[in-house]
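Okay, here's what each chain looks like letter by letter:
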Amino acid sequence: MTEAIVNDLTIQAATVNGSGSQTANLVLTRAIFHMGIPVAPKNVFPSNIEGLPTWYQLRITPEGHMARSDKVDILVAYNVATWREDLKTVRPGGVVIHEEAFSTLDVRGDVTYYAVPFAKLAKSKIQSDTLRKQLANMIYVGVVAGVLNVPWEALEHGVRRQFLAKPKAVQVNLDAIKVGYDHWQDSFSKQDPYRLEPMTGAVEGKVLVEGNQAAALGALMGGVTVVAWYPITPSSSLCEYVIAYSERFRVEPKTGDKLISVVQAEDELAAVGMAIGAGWAGARAMTSTSGPGISLMAEFSGLAYYAEVPVVIFDIQRIGPSTGLPTRTSQADIGFVYTLSHGDTKHIVLLPGTVEECYELSRDAFDYADRFQTPVFVLSDLDLGMNLWMTPEFKYPDRNFDRGKVLSKDDLDRLAGEWGRYQDVDGDGVAYRTLPGTDHPAAGYFTRGSGHDEMARYTESADAYARNMDRLARKLETARQALPAPVVDEAGGSVGLIAFGSTHAAVIEARETLAEAGRPVDYLRVRALPLSDDVAAFVGRHEHVYVVEQNRDGQLFDLIRLALPAGLVGRLRSIRHYNGQPIPAAAIIDPLMDREAVPA
């Protein structure tokens, strides 16, 4: 056996949908995290029928790298249908824990095999016929724990944490894990270099949270009172978390009445229509969807833009329509969403890059929607939204809601009823509004799309339309200065990186590796559209700037080029990753090193 490899490895479990494997994987993840070791789990679960392949990758590093690795150290092969292909992913010298019945004829000779009779153990050791299928996966948790020397106390913690709401399930799951744990102890001697050792200081003050979970908490902290949605992978869990948290935190203690309305609509079109109607009525309203749903919401988004109705729309991005592979992760909606709908529409788009920002920007999205009286899109993706990420504990909001320019009865009395719903009084493009029910005879107005004048009267005047469009452009410029600024980290190098969203984790790791190789690069992370002026300034300070994103066409790359002065456009380069898997650091390092190589 070679020199020990401690706390630096990637585990990949290859199983099937509907078998309970997700629970087993989360138990193992939480157990290792309980040891004080940083973890970075990644799901690859196509939205398809029960019994088809699914994978789970758990990366473990002392440094706490959160990006996906493209190398597998330990494979748990639990699916015969993908056995041969899964075996190819393991690095030389790695470990393969596999079902004993899988054929090992003509397989690789450069890895260590641990053949385990999972099926026989499940049949002989798990008495319950109804639970055997789900509990069988816990056996491989026990085997992996034995291979890596995970303490039993950590496994107990992982199980109890996973089954907080089902305490009766704790013991049967622990019993199933012990079957695998004991089988390892009784049947094998360790032949591989991988092991885990408890750490201190690496994960203190951090919790494991999904991005959709964080966004749901942020929405509640942002004061959402109406949620209209239609289920679609990978956004469904966001509204499901809103429902779960609302049942705990949005209930009147004395009466038990719910203080939030959640409606599952018949489709995405109806969902966004309900949310816009609630926003018009003064509620803080939202919907959540993914790319196919965004397509259906295009016309309503235009109505809300022109009528200037606040609403928050979450887009948890995926590759495209249909099921299976198209539900995997992507960043390919950014160009579409920014100008969604007909005519000259441009929307506010928030781009969280961490779980903490999923919480903070989701909360702030409702302030921006009210302040600028417009739809606000929050773009996440499957990787950020549906995977657990290590994050600092969230902070409770320290400021009141910003409802924007809302005229009260007293305001209308002071104005003697003279006001215009679409009139730019302050020169910032943002008009004043009233809310339905305001007790004043001058509070009412007609809400219209693009065909109105400053007083909300219907018109076909070309001049009135042009004035309105110019005002909407001024409003977007006002918003540009108020939205979250890019995060910039630079030390005066000649090469820079620009990225957004979940690509951030891979950029962080890539920069560390490049710096160690003597090729440090500066970094700007975009957090909102319209783009900040800081982006052009960053490009101006560097000879070459690489825009890294997870789509085929370089959508952010194109948006930046459109915004740059002509003299800076030539400095931009594009790095793109679009196979549905979260981007690894190598997908940034390799092309950048190739293009920046010093000629011989």
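Below is a summary of the structure that appears in this document. (Residues numbered from 1 in each chain as written. Predicted model: local features only at pLDDT ≥ 70, side-chain atom pairs only at ≥ 80, totals over all residues. Heavy atoms only, no water.)

**Quick notes on the overall build of the protein chain**
Phase 1 of the analysis: From N to C terminus, the protein chain includes 20 helices and 22 strands.
Phase 2 of the analysis: For a compact globule of 600 residues, the expected C-alpha radius of gyration is about 25 Å, and the protein chain comes in at 27 Å, within 12% of that figure.
Phase 3 of the analysis: Each of the three principal axes of the protein chain carries a C-alpha extent, and together these read 85 × 75 × 40 Å.
Phase 4 of the analysis: Of all 600 residues assigned to the protein chain, the portion counted as buried reaches 56%. (Helix = DSSP H or I, 4+ residues; strand = E, 2+ residues; numbered from the N terminus. Rg over C-alpha atoms; globule rule 2.2 N^0.38 Å. Buried < 20%, exposed > 50% of the residue type's maximum accessible area, 1.4 Å probe, protein only.)

**Section: the environment of glycine 109**
Phase 1 of the analysis: The topology assignment puts glycine 109 in the loop between strand 6 (90–99) and strand 7 (112–116).
Phase 2 of the analysis: Here glycine 109 falls in the exposed class, since its relative accessible area comes to 77%.

**Observations regarding the sheet that holds strand 20 (residues 528–529)**
Paired through their backbone hydrogen bonds, the strands of a sheet run either parallel or antiparallel.
Phase 1 of the analysis: Taken in spatial order, the 7 strands of this open sheet run 11-10-12-13-15-14-20, and their pairing is mixed. The open sheet has two edge strands with one neighbour each: strand 11 (261–264) and strand 20.
Phase 2 of the analysis: Sheet topology places strand 10 (residues 226–229) next to strand 12 (residues 285–289); 2 bridges connect them, and they run parallel. Within the sheet, the bridge partner assigned to valine 226 lies in strand 12 and is alanine 285. (Pairing = 2+ DSSP bridges.)

**Remarks on unusual backbone geometry**
Phase 1 of the analysis: Here the amide bond leading from threonine 233 into proline 234 is cis, since omega sits at 5 degrees, within 30 degrees of zero.
Phase 2 of the analysis: When you line up the elements, proline 234 lands in the loop between strand 10 and helix 8 (236–249).
Phase 3 of the analysis: Here the phi dihedral of asparagine 7 falls at roughly 55 degrees; this positive angle occurs in a residue that is not glycine.
Phase 4 of the analysis: With respect to the helices and strands, the residue asparagine 7 is situated in the loop between strand 1 (5–6) and strand 2 (9–16).

**Some words on helix 5 (residues 152–162)**
Phase 1 of the analysis: Every buried residue belonging to helix 5 is among Ala154, Leu155, Gly158 and Val159, and all of these are buried. The buried residues of helix 5 occupy an angular sector of 135 degrees when projected down its axis, which confines them to one face.
Phase 2 of the analysis: Residues of helix 5 that are buried make contact with helix 1 (21–34), helix 4 (132–148) and helix 6 (170–187). (Arc of directions from axis to C-beta. Contact = heavy atoms within 4.5 Å.)

**Some details on the sheet that holds strand 22 (residues 572–576)**
Phase 1 of the analysis: One open sheet holds the 5 strands; their spatial order is 17-19-18-21-22, and the pairing between them is mixed. Each end of this open sheet is capped by a strand with a single partner; those strands are strand 17 (487–489) and strand 22. Each adjacent strand pair in this sheet contributes to an overall mean axis angle of 20 degrees, direction not counted.
Phase 2 of the analysis: In this sheet, strand 19 (residues 522–526) lies alongside strand 18 (residues 495–500) in parallel orientation, the contact comprising 5 bridges. (Axes fitted to C-alpha atoms, helices over the stretch in contact; angles between N-to-C directions.)

**A short note on the packing of helix 13 (residues 355–372) against helix 16 (residues 462–482)**
Phase 1 of the analysis: Running from N to C, helix 13 and helix 16 cross one another at 150 degrees; their axes reach a closest spacing of 11 Å. Put simply, helix 13 runs roughly antiparallel to helix 16. Crossing of helix 13 over helix 16 shows right-handed handedness. Together, Tyr368, Arg371 and Phe372 of helix 13 and Lys475, Thr478, Ala479 and Ala482 of helix 16 make up the contact between the two elements.
Phase 2 of the analysis: For the contact of helix 13 with helix 16, the class distribution of residues is 4 nonpolar, 1 polar and 2 charged. (Parallel < 35°, antiparallel > 145°, perpendicular 65-115°, else oblique. Left-handed = near helix turned anticlockwise from the far one by under 90°. Nonpolar A, V, L, I, M, F, W, Y, C, P; charged D, E, K, R; others polar.)

**Description of the packing of aromatic side chains**
Phase 1 of the analysis: This model, assessed by the stated rule, comprises 12 aromatic pairs.
Phase 2 of the analysis: Taken together, a centroid distance of 5.3 Å and an interplanar angle of 25 degrees make the contact between tryptophan 184 and phenylalanine 188 stacked.
Phase 3 of the analysis: Exposure remark for phenylalanine 188: the relative accessible area of 22% places this residue in the partly exposed category.
Phase 4 of the analysis: Here tyrosine 359 and phenylalanine 394 contribute two aromatic rings whose centre-to-centre distance is 4.6 Å and whose plane-to-plane angle is 5 degrees, an arrangement assigned as stacked. Taken together, the residues tyrosine 359 in helix 13 and phenylalanine 394 in the loop between strand 16 (388–392) and helix 15 (409–414) connect sequence positions 35 residues apart.
Phase 5 of the analysis: Classification of tyrosine 359 as buried rests on a relative accessible area of 3%.
Phase 6 of the analysis: In this structure phenylalanine 394 comes out as partly exposed when scored by relative accessible area, which is 24%.
Phase 7 of the analysis: Ring pairs connect the aromatic residues Tyr78, Phe118 and Tyr140, which therefore count as one cluster.
Phase 8 of the analysis: A cation over an aromatic ring shows up here: arginine 284 above the ring of phenylalanine 401, its NZ or CZ 4.6 Å from the ring centre. (Phe/Tyr/Trp six-rings, centres within 6.5 Å; stacked < 30°, edge-to-face > 60°. Lys NZ or Arg CZ within 6 Å of the ring centre and 35° of its normal.)

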